[in-house]
Amino acid sequence: MIQPPFLKPGDTIAIAATARKISIEELRPAIHLLESWGLKVFLPEQVLATNHQFAGTDDTRAFVFQQLLDNPDIKAIFCARGGYGTVRMIDKLDFTYFSSHPKWIIGYSDVTVLHSHIHSRLNIPTIHATMPINIVQDERLEVHTETLRKTIFGEQIIYSEPSHPLNRPGICHGQLVGGNLSILYSLCGSISSINTIGKILFIEDLDEYLYHIDRMMMNLKRNGLLSNLAGLLVGRFTDMHDNAIPFGSTTEEIILDAVKEYDYPVAFNFPSGHNGAQNHALLLGHLATMSVGRETELSFPQ
């Protein structure tokens, strides 16, 4: 594993839009926040491009991202927002320079495409964290931005969260991988699908029907992504839906049923993902220790 260097004041961080379009007004609070941390912010001209719902064409988004990957002065790339579109440009990217000169790629939701591809192909850590679209003015001390700040500057973070009734206790160690469940599901069978053997898998999602959660978990199971985990960390599943005829299980029960034959630790309701100001930053691809007991503790040994 080659780890990108943590940031320091004076470093330059770029903002890129890999999926849905974004405006300068939506970016200003994030720019202000990053500058307050002593970072320089580079905003490529094409980041404000539009093509229907996308931030420019697939070629435009890939071109901008490639320039940032290959620029030695850029120390991290902060993805502006999610939505949909990163998968349409991922195969246009050349990670040759990045593989020997890695930098932090930051984001969540649709950015799971980048997380998964980089982990499966290059084994380089990335950061699952809030994005500029989620940052509002004067938000320096909100949980999601403060955990991001600590993470990108290399400060030690140990998360301790209340236990959930369906948690399965135990202690495990391994690389933390994963992200948005819908994206992981969509990548199965492709070169971007992650290897989960011996790793702690993190999953979260938003605005899905319960039967679809079951469908996605069954797909991951049949693809062998659940059988040899070190542990399973379940983030927030926000705004779930049900049909007129109820599915009959909660999100947590669906997930637990999918892994009932395995004996690794499982922790539910971890505050990361589509969870507003409680979106804890996670070092994906980095070694982690998860302890599930009276509380759920997650740490990243340095």
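The structure this text deals with has already been given above.
Residues numbered from 1 in each chain as written. Predicted model: local features only at pLDDT ≥ 70, side-chain atom pairs only at ≥ 80, totals over all residues. Heavy atoms only, no water.

### Observations regarding the overall build of the protein chain
The helix and strand inventory of the protein chain stands at eight helices and 13 strands. A compact globule built from 302 residues would reach a C-alpha radius of gyration of about 19 Å, and the protein chain, at 18 Å, matches this within 12%. Over its C-alpha atoms, taken along the principal directions, the protein chain stretches across nearly 50 × 40 × 35 Å. Burial analysis of the protein chain (302 residues in total) assigns 56% to the buried set. By sequence separation, contacts in the protein chain at least 24 residues apart represent 79% of the contacts at least 6 residues apart. Accessible surface, the protein chain: about 12600 Å² in total, of which carbon and sulfur atoms supply 49%. (Helix = DSSP H or I, 4+ residues; strand = E, 2+ residues; numbered from the N terminus. Rg over C-alpha atoms; globule rule 2.2 N^0.38 Å. Buried < 20%, exposed > 50% of the residue type's maximum accessible area, 1.4 Å probe, protein only. Contact = heavy atoms within 4.5 Å. Areas by Shrake-Rupley, 256 points an atom, 1.4 Å probe, with all protein chains shown as cover.)

### Comments concerning the sheet that holds strand β7 (residues 170-180)
The strand order across the open sheet built from seven strands is β6-β13-β12-β7-β8-β9-β10, with neighbouring strands paired in mixed fashion. Where the open sheet ends on each side, the last strands, each with one partner, are β6 (158-162) and β10 (266-267). Across six bridges, the pairing between β7 and strand β12 (residues 287-292) is antiparallel. For Ile 171, the partnering residue across the bridge sits in β12 and is Ser 291. (Pairing = 2+ DSSP bridges.)

### Focus on the environment of Ala 16
Secondary-structure assignment places Ala 16 in strand β1 (residues 12-16). Among the residues examined, Ala 16 registers a relative accessible area of 2% and is labelled buried. Once the C-alpha coordinates of Ala 16 and Thr 86 are considered, the two residues, 70 residues apart in sequence, prove to be 11 Å apart. Beyond its immediate chain neighbours, meaning those up to four positions away, Ala 16 contacts Val 47, Phe 65, Leu 68, Ile 77, Phe 78, Cys 79 and Ala 80.

### Things to note about the packing of aromatic side chains
Tallied over the entire structure, the rule returns six aromatic pairs. Note on Phe 6 and Trp 104: the rings are 5.3 Å apart at their centroids and 25° apart in plane angle, and the pair reads as stacked. Of this pair, Phe 6 sits in the segment before β1 while Trp 104 sits in strand β4 (residues 104-107), and the two are 98 residues apart along the sequence. The partly exposed category is assigned to Phe 6, whose relative accessible area is 27%. With a relative accessible area of 0%, Trp 104 lands in the buried category. Between Tyr 159 and Phe 270 the ring centres are 5.7 Å apart and the planes differ by 75°, which places this aromatic pair in the edge-to-face class. Of the two residues, Tyr 159 sits in strand β6 while Phe 270 sits in the loop between β10 and β11 (282-284), which places them 111 residues apart along the sequence. When the ring centre of Tyr 264 is taken as reference, the NZ or CZ atom of Arg 168 above it lies at 5.5 Å. (Phe/Tyr/Trp six-rings, centres within 6.5 Å; stacked < 30°, edge-to-face > 60°. Lys NZ or Arg CZ within 6 Å of the ring centre and 35° of its normal.)

### Notes on the side chain of Ser 116
On the secondary structure map, Ser 116 appears in helix α4 (residues 112-122). Those residues in contact with Ser 116 that sit more than four places away from it in its chain are Leu 184, Leu 187, Ser 192, Ser 193 and Ile 194.

### With respect to the pattern of salt bridges
For the structure on display, the rule yields 10 salt bridges. Across the salt bridge formed by Glu 261 and Lys 221, the nearest N and O atoms sit 2.7 Å from each other. Residue Glu 261 is found in the loop between α8 (251-258) and β10, and its partner Lys 221 is found in helix α7 (residues 210-222); the two are separated by 40 residues along the sequence. Owing to a relative accessible area of 54%, Glu 261 belongs among the exposed residues under this scheme. (Salt bridge = Lys/Arg side-chain N within 4 Å of Asp/Glu carboxyl O.)

### Re the pairing of strand β9 (residues 231-238)
For β9, a buried count of six out of eight residues is recorded, marking the element as mostly surrounded by other parts of the structure. Bridge analysis of strand β8 (residues 200-206) against β9 gives six bridges, and the strand direction is parallel. Across the sheet, Asp 205 pairs through a bridge with Phe 237, a residue of β9. Handedness of the crossover is the feature at issue here: the chain leaves β8, passes through α7, returns alongside β9, and the resulting connection is right-handed. Here β9 pairs with β10 via two bridges, running parallel. Each residue of the ladder has a partner; that of Leu 232, found in β10, is Val 266. (Right-handed = clockwise from strand over helix to strand, strands pointing away.)

### Thoughts on α4
Counting buried residues in α4 gives eight out of 11 residues, a clear majority hidden from the surface. Every buried residue of α4 is listed here: Thr 112, Val 113, Leu 114, His 115, Ser 116, His 117, Ile 118 and His 119. Asn 123, located one to two residues past α4, shows a positive phi value of around 55°.

### Thoughts on unusual backbone geometry
Residues other than glycine seldom take positive phi values, yet Asp 207 does so here, at roughly 60°. Mapped onto the secondary structure, Asp 207 falls in the loop between β8 and α7. Residue classification places Asp 207 among the partly exposed residues on the basis of a relative accessible area of 46%. A positive phi angle is found at Asn 269, which is not glycine, with a value near 65°. For Asn 269, a relative accessible area of 38% gives the class partly exposed.

### Structural notes on the packing of α7 against α8
Close contact between α7 and α8 brings their axes to 10 Å; oriented N to C, the two are set at 20°. In this view, α7 runs roughly parallel relative to α8, as classed from their interaxial angle. As for the relative orientation of α7 and α8, their crossing is right-handed in sense. On α8, the residues touching Leu 210, Ile 213, Asp 214, Met 217, Met 218 and Lys 221 of α7 are Thr 251, Ile 254, Ile 255 and Ala 258. Classifying every residue of the contact of α7 with α8 by side-chain character gives seven nonpolar, one polar and two charged. (Axes fitted to C-alpha atoms, helices over the stretch in contact; angles between N-to-C directions. Parallel < 35°, antiparallel > 145°, perpendicular 65-115°, else oblique. Left-handed = near helix turned anticlockwise from the far one by under 90°. Nonpolar A, V, L, I, M, F, W, Y, C, P; charged D, E, K, R; others polar.)

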